[in-house]
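Working through the structure, step by step
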Amino acid sequence: MSKFTYPVITIMMTLLILSACSKNQADEPKPVVPEKPGTKVSYAEVLQPLLQAKCAGCHAPGNRASTAWSFNGYTSVTGNADRIKQAVLVSKTMPIGGTLSATELQSIKDWFDQGMLQ
Ligand code: HEC
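Residues numbered from 1 in each chain as written. Predicted model: local features only at pLDDT ≥ 70, side-chain atom pairs only at ≥ 80, totals over all residues. Heavy atoms only, no water.

1. Some words on the nonpolar core
Among the nonpolar cores identified, the biggest contains 19 residues, and Leu47, Leu51, Trp69, Phe71, Val77, Ile108 and Trp111 are the most heavily contacted of them. Put simply, the parts of the chain that give this core at least two residues each are helix H2 (43-54), helix H5 (81-90) and helix H6 (102-113). Among the elements that make up this core, the one with the highest residue count is H2 (5 residues). Apart from the residues within four sequence positions on either side, Leu47 is in contact with Val41, Ser42, Ser107, Ile108 and Trp111. (Core = buried A, V, L, I, M, F, W, Y, C linked by side-chain atoms within 4.5 Å. Buried < 20%, exposed > 50% of the residue type's maximum accessible area, 1.4 Å probe, protein only. Helix = DSSP H or I, 4+ residues; strand = E, 2+ residues; numbered from the N terminus. Contact = heavy atoms within 4.5 Å.)

See the structure below:
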């Protein structure tokens, strides 16, 4: 065997392992909000599904935190904008027991900054 055989095998194994890992990553659930910088963020396309996934479990009408804030459509969000901003973007106390990715946080911030598009 040539003295190059072992390095070559090592490199091939490494590539195999790396490609197996990247395949696994592709199988992971996509973030709720795929967003490019500068994209217009609308309630219907971005905020509604995001809040539905991350907040409705506790805040939908009748659920355990609906007295603190009842998540029930566009005006339930715009009408409580300051409290939601405070809880999600400033104090980051919400979502309890969950997380928001950097992209999701940016989308929420953009939505407020862009004037809460419907
Ligand atoms: C696991 C349950 C749970 C989840 C998930 C959750 N919350 Fe809450 N939320 C609570 C509870 C309980 C309270 C009341 C106690 C408190 O304020 O800490 C609350 C309070 C609030 C309030 C009122 C704060 C105030 O000013 O009185 C807002 C606004 C809020 N949540 C927004 C959100 C948003 C937005 C999300 C999703 C990103 C979210 N919450 C996810 C349980 C939850």
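2. A few points about the coordination of the iron atom of the ligand
Taken together, His59 (NE2) and Met94 (SD) make up the protein donors of the iron atom of the ligand, found 1.9 to 2.2 Å from the metal. Relative to the metal, the 6 donor atoms surrounding the iron atom of the ligand lie at angles of 86 to 177°, and the coordination shape comes out octahedral. On the criterion of sequence distance, the pair formed by His59 in helix H3 (residues 56-59) and Met94 in the loop between H5 and H6 is long-range, its members being 35 residues apart. (Donors = N, O, S within 2.8 Å, 3.2 Å for Na, K, Ca; no water. Tetrahedral: all angles 85-135°; square planar, octahedral: opposite > 155°, others 65-115°.)

3. A short note on the site of the ligand
Around the ligand, the surrounding shell holds 14 residues, and the nearest of these are Cys55, Cys58, His59, Arg83 and Met94. Note that a nitrogen atom of the ligand is positioned 2.7 Å from one of the side-chain N or O atoms of His59. Here Arg83 contributes a side-chain N or O atom positioned 3.3 Å from an oxygen atom of the ligand. Every element with two or more residues in the shell around the ligand is listed here: H3 and H5. Here the element with the most residues in the shell around the ligand is H5; it accounts for 3 residues. Its residues assigned to classes, the shell around the ligand comprises 10 nonpolar, 1 polar and 3 charged. (Near = heavy atom within 4 Å. Polar contact = N/O pair within 3.5 Å; in protein donor to acceptor, adjacent residues only side chain to side chain. Nonpolar A, V, L, I, M, F, W, Y, C, P; charged D, E, K, R; others polar.)

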